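Structural characterization, general
Now for the letters of each chain:
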Amino acid sequence: MQPNKKISIIVAVANNNAIGKDNKLLWHLSEDLKRFKQRTSGHYIIMGKNTYYSLPKRPLPDRTHIILTDVPGEQIDDCIMAYSIDDAISKMNPREENFIIGGASIYRQFLPHADKLYITWVHEKFEADTFFPELNEKEWKKIDEEKFPYTDEKNPFPHTYATYERIP
Ligand SMILES: NC(=O)c1ccc[n+]([C@@H]2O[C@H](COP(=O)([O-])OP(=O)(O)OC[C@H]3O[C@@H](n4cnc5c(N)ncnc54)[C@H](OP(=O)(O)O)[C@@H]3O)[C@@H](O)[C@H]2O)c1
């Protein structure tokens, strides 16, 4: 039998659970983007089609992309296509951590399958049209937290990097 795949969610979430509007991110945090690149480079990243087309540069360098779409037979250059959650899981890397990178519909559907969450909590409220689901505190244990309370030109909002593991 195939061993379980390691599935991690990586996301930046505002105080009101907002994550995006008009198929764009709501903020620019240079430090968060740097950490996202460091953490995901060399790995598989899994996303919905909207998020793929929201990327400023695509595909992202040095990462294997799995793109979810309901459109049968659709192909995007240099990407692995998946047509359901199970199909995406079957195409993930069996040996290493796989990163779910959004958007809202994909986070919602993968949350029950994830064993780790890397959440950047952005300490601000935003008007949005896409949101991260509410976490059930009984299911997740925070194992690491790093506060970034300062703001500067490149990081205009205070934020916190938190890592959670699923409670067995
Ligand atoms: N803050 C963050 O960390 C973060 C990260 C990523 C994205 N975002 C934001 O999230 C927003 C996009 O989220 P979204 O929910 O609109 O779009 P999305 O989740 O990126 O993509 C949705 C699309 O994925 C496909 N899909 C979803 N579930 C599927 C399934 N079970 N089987 C097959 N295909 C499936 C469908 O594509 P088809 O229409 O082709 O069928 C669907 O229309 C943007 O504003 C983006 O900036 C924020």
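Report on the accompanying structure. Everything numeric in this text was worked out from a predicted model, so none of it was measured.

Looking at the ligand, there are 28 residues lining it, with Lys49, Thr51, Thr69, Asp70 and Ser105 nearest. Note that an oxygen atom of the ligand is positioned 2.6 Å from one of the side-chain N or O atoms of Thr51. Measuring from an oxygen atom of the ligand, one finds a backbone N or O atom of Asp70 at 2.7 Å. Where the shell around the ligand is concerned, the elements lending two or more residues are strand S1 (6–14), strand S2 (18–20), helix H2 (49–54) and helix H4 (104–110). Residue contributions to the shell around the ligand peak at 5 residues, all from H4. Per-class residue counts for the shell around the ligand are 12 nonpolar, 12 polar and 4 charged.

In this section: unusual backbone geometry. That bond from Arg58 to Pro59 is cis: its omega, -5°, falls within 30 degrees of zero. With respect to the helices and strands, the residue Pro59 is situated in the loop between H2 and strand S4 (64–68). Residue Gly102 is joined to Gly103 through a cis peptide bond whose omega torsion reads 0°. Take Gly103: it is sitting in the loop between strand S6 (97–100) and H4. Despite not being glycine, Asp62 has its phi angle at roughly 60°, a positive value. Structurally, Asp62 is set in the loop between H2 and S4. Phi at Asp78 takes a positive value of approximately 65°, unusual for a residue other than glycine.

Another point: the packing of aromatic side chains. Describing an aromatic ring pair means giving the distance of the ring centres and the angle of the ring planes. According to the stated counting rule, one finds 5 aromatic pairs in the structure shown. Both rings, one in Phe99 and one in Tyr118, keep their centres 6.0 Å apart while their planes meet at 40°; by these two values the pair is tilted. Linking Phe99 in strand S6 with Tyr118 in strand S7 (residues 116–122), this pair joins segments that are 19 residues apart in sequence. Here Phe99 and Tyr118 have matching classes, each one buried. Aromatic side chains Phe126 and Phe157 sit 5.2 Å apart centroid to centroid with 80° between the ring planes, which places their arrangement in the edge-to-face category. Of this pair, Phe126 sits in the loop between S7 and strand S8 (130–131) while Phe157 sits in the loop between strand S9 (140–148) and strand S10 (159–166), placing them 31 residues apart in sequence. Exposure remark for Phe157: the relative accessible area of 18% places this residue in the buried category. In this structure, Arg35 packs its charged tip against the face of Tyr161, placed 3.9 Å from the ring centre.

The rules behind each value
Residues numbered from 1 in each chain as written. Predicted model: local features only at pLDDT ≥ 70, side-chain atom pairs only at ≥ 80, totals over all residues. Heavy atoms only, no water. Near = heavy atom within 4 Å. Polar contact = N/O pair within 3.5 Å; in protein donor to acceptor, adjacent residues only side chain to side chain. Helix = DSSP H or I, 4+ residues; strand = E, 2+ residues; numbered from the N terminus. Nonpolar A, V, L, I, M, F, W, Y, C, P; charged D, E, K, R; others polar. Phe/Tyr/Trp six-rings, centres within 6.5 Å; stacked < 30°, edge-to-face > 60°. Buried < 20%, exposed > 50% of the residue type's maximum accessible area, 1.4 Å probe, protein only. Lys NZ or Arg CZ within 6 Å of the ring centre and 35° of its normal.

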